[in-house]
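Listed below, chain by chain, are the residues.
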Amino acid sequence: MKKIALFASGRGSNLMNILASMQNGCLANLAEAVLVFSNQPQAPVLAKAEALGLAVHCIPSRGKKRLDFDAEVLDLLEKYRPDYIVLAGYMRVLSAPFVAAYAGRIVNIHPADTQVHQGLGAYKWAFEQGLEETKITVHLVDQGLDTGPIIAQAPVNLAGVKDLAEVERRGLAVEHQLYPQALYQLFSSSKNKQ
Ligand code: GRF
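So, how was this worked out
Residues numbered from 1 in each chain as written. Predicted model: local features only at pLDDT ≥ 70, side-chain atom pairs only at ≥ 80, totals over all residues. Heavy atoms only, no water. Pairing = 2+ DSSP bridges. Helix = DSSP H or I, 4+ residues; strand = E, 2+ residues; numbered from the N terminus. Axes fitted to C-alpha atoms, helices over the stretch in contact; angles between N-to-C directions. Contact = heavy atoms within 4.5 Å. Phe/Tyr/Trp six-rings, centres within 6.5 Å; stacked < 30°, edge-to-face > 60°. Buried < 20%, exposed > 50% of the residue type's maximum accessible area, 1.4 Å probe, protein only. Right-handed = clockwise from strand over helix to strand, strands pointing away. Near = heavy atom within 4 Å. Polar contact = N/O pair within 3.5 Å; in protein donor to acceptor, adjacent residues only side chain to side chain. Nonpolar A, V, L, I, M, F, W, Y, C, P; charged D, E, K, R; others polar.

Caption draft 1: Layout of the sheet that holds strand 5 (residues 106–110). Spatially, the seven strands line up as an open sheet ordered 3-2-1-4-5-6-7, and their pairing is mixed. Each edge of the open sheet is held by one strand with a lone partner, namely strand 3 (56–58) and strand 7 (150–157). Within the sheet, the average angular offset between the axes of one strand and its neighbour, ignoring direction, is 20 degrees. Taken together, the six bridges between strand 1 (residues 2–7) and strand 2 (residues 31–38) define a ladder with parallel strand orientation. Across the sheet, residue K3 finds its bridge partner in strand 2, namely E32. The sheet contacts of helix 3 (residues 66–80) involve strand 1, strand 2, strand 3 and strand 4 (84–87), and relative to strand 2 the element is tilted by about 150 degrees. Along the sheet, helix 6 (residues 164–188) contacts strand 1, strand 2, strand 4, strand 5, strand 6 (133–140) and strand 7; its crossing angle with strand 7, the most-contacted strand, is approximately 160 degrees.

Encoded structure:
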């Protein structure tokens, strides 16, 4: 079983969906959540994960220097020693020392093709561009912003969308399919077996 630390900053629909996949879906018997972490004390995901009886921690990032904050998080992780860190709406850029400490073992989901659009506001961007289709990307995190090696991508059909909320609805439905599948692929590949 891979030990997973899940990071989120907000609502946590991807995080909760991944937890469900660990319980009853494609990640069952393959991965277990050892920690749910947030940098946002108000994040709705915290109470949702606590209700499942998981180890849940929050270290507020507000007002802290990036390196100092990430050092605190690395200290916390020492206690849980995860095999992988899964970012699911974690709204922080990771510092170089953090990425180096878990090189090749940090995964992120980005709601666009990372080769075309990086950073925030990807659904808004797709809507404003009037795209007929966008993509969801699951990738490993490297030192850049949404530049790491792609693990999996899936298209989102945007034909006929009327507003941004609809773009997000269609996109999230694809995210919820893709992320557990991509993690399955990553965790079950023999190269990564431990
Ligand atoms: C998702 O769109 C994800 O791709 C992006 O942030 C959003 C998080 O949503 N990185 P949720 O918290 O998982 O519901």
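Caption draft 2: The packing of aromatic side chains, seen in detail. If you walk through the whole model with that rule in mind, you get seven aromatic pairs. On the basis of an interplanar angle of 65 degrees and a centroid distance of 6.3 Å, the ring pair of F7 and F98 is categorised as edge-to-face. Of the two residues, F7 is situated in strand 1 and F98 in helix 4 (residues 96–101); the sequence distance between them amounts to 91 residues.

Caption draft 3: Geometry of the pairing of strand 5. In terms of burial, strand 5 is largely enclosed, as five of its five residues are buried. Side chains I106, N108 and H110 project from strand 5 onto one buried face, and the interleaved V107 and I109 project onto a second face that is buried too. Alignment of strand 4 against strand 5, held across three bridges, turns out to be parallel. Within strand 5, the position partnered with L87 by the bridge is N108. At this point the chain moves from strand 4, through helix 4, to the parallel strand 5, and the crossover so formed is right-handed. Judged from the four bridges that link them, strand 5 and strand 6 form a sheet pairing that is antiparallel. By the bridge assignment, N108 is partnered in strand 6 with H139.

Caption draft 4: View of the site of the ligand. In the vicinity of the ligand, the contacting residues are R11, G12, S13, N14, G89, I109, P111, Y123 and E175. Between the ligand and I109, the relevant distance is 3.3 Å, taken from a nitrogen atom to a main-chain nitrogen or oxygen of the residue. Within the contact set of the ligand, an oxygen atom lies 2.7 Å away from a side-chain nitrogen or oxygen of E175. Looking at the shell around the ligand residue by residue, the classes come out as three nonpolar, four polar and two charged.

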